[in-house]
Amino acid sequence: MMPLASTIAAAATRRAAAAAVPSVARRAMATAIGPAKFVKFDWEDALSLNGCLTEEERSVMESARSYCQEKLMPRVLMANRHEKFDREIMSEMGELGLLGATIDGYGCAGVSSVAYGLIAREVERVDSGYRSAMSVQSSLVMYPIYAYGTEAQREKYLPKLASGELVGCFGLTEPNHGSDPAGMETVAEKQADGSFVLRGAKTWITNSPIADVFVVWAKCKWDNQIRGFILEKGMKGLDAPKIEGKFSLRASVTGMIMMDDVAGLKGPFGCLNNARFGIAWGALGAAEFCLATARDYTLNRRQFGTPLAAFQIPQKKMADALTEISIGLQACLQVGRLKDEGKLAVEQISIIKRNSCGKALAIARECRDMLGGNGIADEYHIIRHVMNLEAVNTYEGTHDVHALIVGRGITGIPAFETKKID
Amino acid sequence: MSLRVLVGVKRVIDYNVKIAVRGDKSWVETANVKHSVNPFDEIAIEAAVQAKEAKLVGEVIAVSCGPPKAQESLRTALAMGADRAIHVEIPDGSEKTLEPLAVAKLFKKIAQDEKMLAGLLNWPQGTFASKIDLNAGDKSLVVTREIDGGLETIKTALPAVVTADLRLNTPRFATLPNIMKAKKEAHQEVHARRPSASTCRRASRFSRSRSRPSARVVAVSPTSTS
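Remember, predicted model here, so these are calculated numbers, not experimental data. (Residues numbered from 1 in each chain as written. Chains lettered and ligands numbered in written order. Predicted model: local features only at pLDDT ≥ 70, side-chain atom pairs only at ≥ 80, totals over all residues. Heavy atoms only, no water.)

Asker: For this particular structure, what's the right way to read the overall build of chain B?
Answerer: A tally of regular secondary structure across chain B gives 5 helices and 12 strands. For chain B, with 226 residues in total, the buried portion stands at 35%. Intrachain contacts of chain B at a sequence separation of at least 6 include 65% that bridge at least 24 residues. Total accessible area on chain B stands at roughly 13300 Å², and carbon and sulfur atoms take up 54% of it. (Helix = DSSP H or I, 4+ residues; strand = E, 2+ residues; numbered from the N terminus. Buried < 20%, exposed > 50% of the residue type's maximum accessible area, 1.4 Å probe, protein only. Contact = heavy atoms within 4.5 Å. Areas by Shrake-Rupley, 256 points an atom, 1.4 Å probe, with all protein chains shown as cover.)

Asker: Explain the nonpolar core here, please?
Answerer: Generally speaking, nonpolar side chains in soluble globular proteins are found buried as a group. Counting residues in each nonpolar core, the largest one holds 118 residues, and the members touching the most others are Y67, I119, Y130 and W281 of chain A. No other element matches the 14 residues that helix α8 (residues 274-300) of chain A contributes to this core. Sequence-distant contacts of I119 of chain A, that is, excluding residues within four places in its chain, are made with V60, A64, L98, A101 and M134 of chain A together with L176 of chain B. (Core = buried A, V, L, I, M, F, W, Y, C linked by side-chain atoms within 4.5 Å.)

Asker: What's the story with the side chain of E146 of chain B in this structure? I'm lost.
Answerer: All names here are of chain B. Within the secondary structure layout, E146 lies in strand β7 (residues 140-147). Within the structure, E146 has its side chain in polar contact with the side chain of R167 (distance 2.9 Å). Residue contacts for E146: discarding those within four places in its chain leaves F128, S130, L151, D165 and R167. (Polar contact = N/O pair within 3.5 Å; in protein donor to acceptor, adjacent residues only side chain to side chain.)

Asker: Sorry if this is basic, but what is going on with the domain arrangement of chain A here?
Answerer: How big an interface is tends to be stated in terms of the accessible area lost upon association of its parts. All names here are of chain A. Partitioning chain A into domains gives domain 1 (49-163), domain 2 (168-269) and domain 3 (272-411). For domain 1 and domain 3, the distance between their C-alpha centres works out to 20 Å. In this complex, domain 1 contributes 31 residues to the contact, which on the side of domain 3 involves 31 residues. The contact between domain 1 and domain 3 buries some 2600 Å² in all, and 59% of this surface belongs to carbon and sulfur atoms. It is S113, R121 and R125 in domain 1 that bury the most area against domain 3; as a group they hold 20% of the surface buried on that side. Inspection of the domain 1/domain 3 interface yields 6 salt bridges. The closest approach of N and O atoms between R384 and D127, which form a salt bridge, is 2.7 Å. Linking domain 1 to domain 3 there are 13 residue pairs in polar contact (both at pLDDT 80 or more). In terms of residue count, helix α5 (residues 113-126) provides more of the side of domain 1 that touches domain 3 than any other element does, 10 residues in total. (Domains from an automatic or database assignment. Buried area = accessible area lost by both parts, 1.4 Å probe. Salt bridge = Lys/Arg side-chain N within 4 Å of Asp/Glu carboxyl O.)

Asker: In this structure, what is going on with the interface of chain A and chain B? I would like to understand it.
Answerer: Listed by partner, the interface residues are 23 residues for chain A and 13 residues for chain B. With both chains or domains summed, chain A and chain B bury close to 1600 Å², and 65% of this area falls on carbon and sulfur atoms. Its largest share of buried area at the contact with chain B, chain A owes to E55, E56 and L96 of chain A, together 31% of the area lost on that side. The interface formed by chain A and chain B contains 2 salt bridges. A salt bridge links K34 of chain B to E62 of chain A, with the nearest nitrogen and oxygen atoms 3.5 Å apart. Run the count over chain A and chain B and you get 3 residue pairs in polar contact (both at pLDDT 80 or more). Contributing elements (two or more residues each) for the side of chain A that touches chain B: α3 (55-81) and α4 (88-96) of chain A. The biggest single contributor to the side of chain A that touches chain B is α3 of chain A, with 11 residues. The residue inventory of the side of chain A that touches chain B, partitioned by class, reads 9 nonpolar, 6 polar and 8 charged. (Nonpolar A, V, L, I, M, F, W, Y, C, P; charged D, E, K, R; others polar.)

This is the structure:
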């Protein structure tokens, strides 16, 4: 704690230093001196994210928002209630250029990572299941083929995946291996003629029951390395049954992939981090919807003669939600910019995926609570987001596993494994 | 020479926004407020692009008279399918004093510069159009207009001025590839000369101006009531 006298002396020194500044700079500083000028607060963009975007990122966001609100929102109530996936949305999103948007060429738009995040946010503002279908197609199927496939594979698959004519799925998770994909039991064997054959089962695979293209990961028997393989619908020995009775992501179709000696086409596919980036943005879009709905509800719903929004506790809940959403989006923006500059660290993705999903789930629950009894009705939509975000918090790396990734980044000590217990 | 369409586009405060008056009562609050293309302008662009896709029209030119930010609206027009964009740039903040008559005169100049035949005055017009049938062959236009009594159908020769009403069409979404293409397209910048006093002031001499000639119509169909 500096004694008062020295604080005053320091201020005087600063004033003297300011006076020594050349007159041009001083004129610029002069506008900074004086009463502060404020702009009007916009709760829908609390930390002015829009001002940080390029003009075309804003256009992309507007276009995606219009499409999602006009075409996806009207369908989602019934799609969720009856566990039905509208396959047509893949073609519609394809027509708009929303699939594989970051890819350059092959019928894709070539937008920035931030623009992709903005698209994910708008789609998930409607439903996480729809955004899952979009992410899987864009980040988990199209991007690997683009980054790691041969030119022939790119030409063959990418334009049709981009337009939504073909639907893809990504098979990594197994019934016995979720958080530890390295322990997977699906195997790939080399045949005498140089081709490959896959054997095993995958589960919780978005899009698989309707997929035309499968990017499946298997442990290669000859060297124990995990690689990605492309399978196509209709191949002998390939089956993709639907998983029924999900109480999350009901508007998206999920299934297994059963492979009984299926002939696969190898791509030397490496590790992927793209989908998680989109999820970090998307989860906050869902949270924004929940906040906007809760705000609308509490402004209109009266108890004891007063709108609920006039009471202190709902206001505190909304303030907490707004704070987390705004700060979370700024973090996503920063990671998006780093990603496009090629300065990304994988732990950064873990930070934002974990933060966005955990916070969004908590916000959705609080907002559901603010709606009282009406909050459990799907017509108010929030309960659907609560259900969906349970899965979103879990997939693509659980909340806890991402904590370990960051923990390893902080301490240098990996804490994923313990002593094996029989 | 194929038909061409000049479409006016304006960047306005988004229709969903609650308009607030500035503290000093000088104007409405525009800082940090969401702006978008006037929805009726989007409908007009859509009608022009549809006519181009039906090969009735050869070129769609979007025009905006406004401050630098008006470029955003022109890029939306390009992303929706307009071929070219012209930005008549006026200084930031002076859009409050840009009166409709001035805009009309600017449009007239552009139409003349683009050599769109005779120029604005003496052209017939079809306003509040809810349906447009363009006949490129005999250079005529049948416009169904929404009026107070119901629907009125008129037929005019070309060139003509048409204004779009809500039910004319549903504008398309700008696709991402087109947004990226529009970003790269240069558009023509025209700077309004320091406007003369007559274009700036309200048309205070309205009563003394020459009365606008009526639409040169070829045939009028009976008014149909809704």
